[in-house]
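Results of the structural survey
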Amino acid sequence: RLFNSGYANFEDRGRSYHYAGDIQGTEKDVLYQTARWFPTGERRRPGYFIPLPRAAYRVTLHFAETWFTEPKQRSFDVVIEGEEVLKDYKPSSKGFAAADPHDFKTEVKDGVLDIELVHRVEDPMVSAIEIEAIQ
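Report on the accompanying structure. (Residues numbered from 1 in each chain as written. Predicted model: local features only at pLDDT ≥ 70, side-chain atom pairs only at ≥ 80, totals over all residues. Heavy atoms only, no water.)

Some thoughts on the nonpolar core
Core analysis: the biggest nonpolar cluster contains 22 residues, and Leu-61, Phe-63, Val-78, Ile-80, Leu-113 and Ile-115 have the highest contact counts within it. The dominant element in this core, judged by the number of residues it contributes, is strand E4 (residues 55-63), at four residues. Ignoring sequence-local partners within four residues, the contact set of Val-78 consists of Leu-61, Phe-63, Glu-83, Glu-84, Val-85, Leu-86, Ile-115, Glu-116 and Leu-117. In terms of nonpolar packing, the next biggest core, distinct from the first, is built from six residues, Tyr-19, Ala-64, Ala-97 and Ala-99 among them. (Core = buried A, V, L, I, M, F, W, Y, C linked by side-chain atoms within 4.5 Å. Buried < 20%, exposed > 50% of the residue type's maximum accessible area, 1.4 Å probe, protein only. Helix = DSSP H or I, 4+ residues; strand = E, 2+ residues; numbered from the N terminus. Contact = heavy atoms within 4.5 Å.)

Here it is as structure tokens:
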């Protein structure tokens, strides 16, 4: 609901792709069996804008490549609050259908957490986002 563009579960022409298999490296398969993907050519910047009080946060982005079966078929950068936190990230780096969570600390100064996904190869995607306030 707080995304700038993209499609849930690889929606395309009224169809939705949902990976029903096991996800390696996690007991929380359901977090990784769907994703929001951001196709090239969207008018708005791909990513999320999440209203939050001004504070420090731990942001965990959950990734699992469940579409491309060969490595290096998708890569993108991730920018959180204007800081590049992942460069040329490949969700297949852990293998096909393997959980790959990444934690980042950031500070929200303007009341909105901005997460931007920058295209490199194919379309960026994210399976789940977890946000926790930190002291």
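Next comes the rest of the write-up.
Quick look at the pattern of salt bridges
For the structure shown, the criterion picks out five salt bridges. Salt-bridge contacts for Arg-74 lead to Glu-65; the nearest nitrogen and oxygen are separated by 2.7 Å. Each member of the pair, Arg-74 as well as Glu-65, is classed as buried. Notably, a salt bridge pairs Glu-84 with Lys-87, separated by 3.9 Å at the nearest N-O pair. Overall, Lys-87 belongs to the exposed group, its relative accessible area being 54%. (Salt bridge = Lys/Arg side-chain N within 4 Å of Asp/Glu carboxyl O.)

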